[in-house]
Amino acid sequence: MNSSKWDEQKSQDWFYFIRAVQDFFLSKGFCPIETPILVESPGTEPHLDFFSTIKKHNKLSQKKWLSASPEMNLKKILCRGGKNIFEIHKCFRNNESGSRHLSEFYMLEWYRANALLTELMNDLENLLKYLKQKHIILFALKPFQRLSISELFKTYCEVDLNPKSQAKDLIPALEKWNIPFDSSGTFEEFFHLLFLNKIENQFVSDVPTIVQHYPPSLRAYSRLNHEGWAERFEFYWQGLELANAFYEICDSQEQQKVFQQDLQIRKDKGVEEVAVDQEFLLEMKDMPESSGIALGLERLFMAVSQKKDISQIHPFS
């Protein structure tokens, strides 16, 4: 528990930061959305733990979840005719704490209908420039760099990664760089070991870095391009992973397949069973070509204020 003295200036800085983020999206013509905190499905991501509760009405009881992300509900707005939308949403994720994590935190998500991921990359650059203009960022901004996963693995791991690469293809690099691993591990586990040990620490802290084109098994909710790479990117800056963006799946059968793969992984890991958002699957018949991004606001505030620990910006961490 953080028991340090309350800092009025810190609270004011956070308030002006949030207001500046809102003003940026409003100035770009985005429509603000507010989605529910209590949901029937928190998502299916295998690596996330969720908070559940019981909703009671007279003698009826129903299991509900605290929202871990507004993603599915915002996509429903796209299905119902929304164009450019955004939300600052209170999210809840269990088993997350530390210098960069909170179990209760704010997520900024925005979506562009009929847009490619490059437009979200431009949004990120323009958002940082706006925060600089509003004196939220008080140091010099360096130009963005955009890198692909394949070139990063080639440069720093000496691995010729391609969309069909398997776990065995990564073992020589793990052995060469003396990275401990379980020989029965998966491609995804080996990928993350190499990325964390050989690539992420190569990023220059003050250079905003976009990493794009992931292997298909790491697609999450993104589509695959004609070469087989997942059309998604992650954003790193000031030593922090800040955002995750997808060129969204817009076919219900493909999305259902991804959901079921997630649920199987959750079952294999022995983690809590969750429900699929069936309403979203039904509405996907009207899903436009879209790109969407989720950005952790506490982390972005850490980056713009150059803080290394979330307790330095949050009174209840």
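Going by the structure above, here's the rest.
On a predicted model such as this, the values are computed, not experimentally measured, just so you know.

With that settled, the discussion passes to the nonpolar core. Counting 47 residues, the largest nonpolar core has Phe17, Trp110, Leu131, Trp237 and Leu300 as the members making the most contacts within it. For this core, the secondary structure elements donating two or more residues are α1 (8–27), β5 (84–92), β6 (104–113), α3 (117–133), β9 (230–237), β10 (240–247), β11 (290–296) and α9 (297–304). Ranked by residue count, the leading element in this core is α3, at eight residues. Those residues in contact with Trp237 that sit more than four places away from it in its chain are Leu128, Ile137, Phe139, Leu141, Ser205, Asp206, Val207, Pro208, Leu242, Leu300, Ala303 and Val304.

A few words now on the packing of α1 against α9. At a closest axis distance of 11 Å, the pairing of α1 and α9 adopts a crossing angle of 110 degrees. What the angle tells us is that α1 and α9 run roughly perpendicular. Of the residues in α9, those in contact with Asp13, Trp14, Phe17, Ile18 and Val21 of α1 are Leu297, Glu298, Leu300, Phe301 and Val304. For the contact of α1 with α9, the residue count by class is eight nonpolar, no polar and two charged.

A few words on the packing of aromatic side chains. Tallying each qualifying case throughout the model produces 23 aromatic pairs. Measuring from centroid to centroid gives 5.4 Å for Phe181 and Phe190, while their planes differ by 85 degrees, and the two rings are edge-to-face. A connected cluster of aromatic rings, assembled from ring pairs, spans Phe153, Phe187, Phe191, Phe195, Phe203, Tyr214 and Tyr236. When the ring centre of Tyr247 is taken as origin, the NZ or CZ atom of Arg223, which lies over that ring, is 3.9 Å away. Arg232 extends its terminal NZ or CZ atom over the ring of Tyr214, reaching a point 4.3 Å from the ring centre.

Turning to the sheet that holds strand β7 (residues 145–148), a few remarks are in order. As summarised here, the arrangement of the eight strands in space is β1-β5-β6-β11-β10-β9-β8-β7, forming an open sheet in which the pairing is mixed. The open sheet has two edge strands with one neighbour each: β1 (31–32) and β7. Here two bridges tie β1 to β5, and the two strands are oriented parallel to one another. Among the inter-strand pairings, Cys31 is bridged to a residue of β5, identified as Ile85. Each of β1, β5 and β6 touches α1; the most contacted strand, β5, lies at about 150 degrees to it. Lying over the sheet, helix α2 (residues 71–79) contacts β5, β6, β10 and β11, oriented at roughly 25 degrees with respect to β6.

In this section: helix α6 (residues 187–199). Burial in α6 covers these residues: Phe187, Phe190, Phe191, Leu194, Phe195, Lys198 and Ile199. The buried residues of α6 occupy an angular sector of 135 degrees when projected down its axis, which confines them to one face. Contacts made by the buried residues of α6 are with α4 (149–157), α5 (167–176), β8 (209–214) and β9.

Attention now moves to the environment of Gln238. Tracing the chain through its elements places Gln238 in the loop between β9 and β10. Gln238 sits 32 residues away from Asp206 along the chain, and the two C-alpha atoms are 5.1 Å apart.

With respect to the secondary-structure elements, Arg112 resides in strand β6. In this structure Arg112 comes out as buried when scored by relative accessible area, which is 13%. At 2.9 Å, the side chain of Arg112 forms a polar contact with the side chain of Asp123. Not counting residues up to four positions away in its chain, the partners in contact with Arg112 are Phe30, Lys83, Asn84, Glu119, Leu120, Asp123, Glu289, Ser290 and Ser291.

Read from one edge of the open sheet, three strands run β2-β4-β3, paired in antiparallel fashion. With one partner strand each, in any of the chains shown, β2 (38–39) and β3 (52–57) form the two edges of the open sheet. Judged from the six bridges that link them, β3 and strand β4 (residues 60–66) form a sheet pairing that is antiparallel. Bridge assignment links Lys55 to a residue of β4, and that residue is Gln62.

Attention now moves to unusual backbone geometry. Phi is positive for Asn58, close to 55 degrees, though the residue is something other than glycine. Checked against the element boundaries, Asn58 lands in the loop between β3 and β4. Non-glycine residue Asn114 carries a positive phi angle of around 55 degrees. Classification of Asn114 as exposed rests on a relative accessible area of 56%.

Proximity of charged atoms lets side chains of opposite charge pair with each other. Following the criterion strictly, the structure yields 19 salt bridges and no others. Here Lys75 makes a salt bridge to Glu71, at a shortest N to O gap of 2.8 Å. Residue Lys75 and its partner Glu71 are both found in helix α2; the two are separated by four residues, about one turn of the helix. As far as the burial class goes, Lys75 and Glu71 line up, both buried. In the salt-bridge network here, residues are joined through shared partners; they are Glu71, Lys75 and Glu248.

Reading the values: rules and limits
- Residues numbered from 1 in each chain as written.
- Predicted model: local features only at pLDDT ≥ 70, side-chain atom pairs only at ≥ 80, totals over all residues.
- Heavy atoms only, no water.
- Core = buried A, V, L, I, M, F, W, Y, C linked by side-chain atoms within 4.5 Å.
- Buried < 20%, exposed > 50% of the residue type's maximum accessible area, 1.4 Å probe, protein only.
- Helix = DSSP H or I, 4+ residues; strand = E, 2+ residues; numbered from the N terminus.
- Contact = heavy atoms within 4.5 Å.
- Axes fitted to C-alpha atoms, helices over the stretch in contact; angles between N-to-C directions.
- Parallel < 35°, antiparallel > 145°, perpendicular 65-115°, else oblique.
- Nonpolar A, V, L, I, M, F, W, Y, C, P; charged D, E, K, R; others polar.
- Phe/Tyr/Trp six-rings, centres within 6.5 Å; stacked < 30°, edge-to-face > 60°.
- Lys NZ or Arg CZ within 6 Å of the ring centre and 35° of its normal.
- Pairing = 2+ DSSP bridges.
- Arc of directions from axis to C-beta.
- Polar contact = N/O pair within 3.5 Å; in protein donor to acceptor, adjacent residues only side chain to side chain.
- Salt bridge = Lys/Arg side-chain N within 4 Å of Asp/Glu carboxyl O.

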